[in-house]
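# Per-entry structural report
Chain by chain, the residues:
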Amino acid sequence: MINFEIFKEFLLNLIKEYGYFGIFLVGFSEPIFQPFPTEIFIAAGLLAGLDWKLVWIISTVACNLGAVVTYYLAMKYGKKLMLKLFEKEKIDKGTVYLKKWGILGVIIASFTPIPFEVICWICGSFRMPFKKYMVAVFLSRLIRHGMVILPFVLKDHIHF
């Protein structure tokens, strides 16, 4: 069993030691298997002095690349692998949700407690049209990461 605290510390140290490359690795792994939202590490990178524009671009591109890998792994190995990675209850919830909401569901899921990697695995397993899936992933990550970055950008421009 994975010790989540040790894993989280490892990822935070990755950002501290490797900066943008760490952001890329964390973002890339999120849609595949990573249990922590990339946004935690985006904030850590910004607090460490990384440029917000590069962090936004790198995190969004990395998550999209990870989503491509997840989609194809899920198409090939499907439910069998998902059941090894995630609880059946989460898979069932995500499946019902995506059947109801489709592509909009991928975008909406970005703002809910539903783990993003579960959504990506389900999309691949049930062969959501790839282009639509990628548009939804791109928009969801761009908006979500942007919402985390925005306060860091505005902090120097808003005075109370």
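Residues numbered from 1 in each chain as written. Predicted model: local features only at pLDDT ≥ 70, side-chain atom pairs only at ≥ 80, totals over all residues. Heavy atoms only, no water.

### Topic: the packing of aromatic side chains
- For the structure on display, the rule yields 7 aromatic pairs.
- Ring centres 6.4 Å apart and planes at 45° place the aromatic pair Phe-130 and Tyr-133 in the tilted group. Of this pair, Phe-130 and Tyr-133 both sit in helix H7 (residues 130-154), 3 residues apart, which is roughly one turn of that helix.
- Judged by relative accessible area, which is 28%, Phe-130 ranks as partly exposed. (Phe/Tyr/Trp six-rings, centres within 6.5 Å; stacked < 30°, edge-to-face > 60°. Helix = DSSP H or I, 4+ residues; strand = E, 2+ residues; numbered from the N terminus. Buried < 20%, exposed > 50% of the residue type's maximum accessible area, 1.4 Å probe, protein only.)

### A short note on the packing of helix H5 (residues 88-109) against helix H6 (residues 116-125)
- Running from amino to carboxyl end, H5 crosses H6 at an angle of 90°, the nearest separation of the two axes being 9 Å. The pairing of H5 with H6 is recorded here as roughly perpendicular in orientation. Along the contact surface, H5 presents Lys-90, Ile-91, Gly-94, Thr-95, Tyr-97, Leu-98, Val-106 and Ala-109, while H6 presents Phe-116, Val-118, Ile-119, Ile-122 and Cys-123.
- In terms of residue class, the contact of H5 with H6 is made up of 10 nonpolar, 2 polar and 1 charged. (Axes fitted to C-alpha atoms, helices over the stretch in contact; angles between N-to-C directions. Parallel < 35°, antiparallel > 145°, perpendicular 65-115°, else oblique. Contact = heavy atoms within 4.5 Å. Nonpolar A, V, L, I, M, F, W, Y, C, P; charged D, E, K, R; others polar.)

### Let's talk about unusual backbone geometry
- With a phi angle near 55°, Arg-127 is a residue other than glycine that sits in the positive phi range.
- For Arg-127, the location among the structural elements is in the loop between H6 and H7.

### Let's talk about the nonpolar core
- Among the nonpolar cores identified, the biggest contains 23 residues, and Leu-98, Val-106, Ile-119, Cys-123 and Tyr-133 are the most heavily contacted of them.
- Here this core takes 7 residues from H6, the largest share from any one element.
- Sequence-distant contacts of Cys-123, defined by excluding residues within four places in its chain, comprise Tyr-71, Leu-98, Val-106, Met-128 and Tyr-133.
- Membership of the second largest hydrophobic core comes to 13 residues, among which are Val-26, Phe-41, Leu-50 and Val-55. (Core = buried A, V, L, I, M, F, W, Y, C linked by side-chain atoms within 4.5 Å.)

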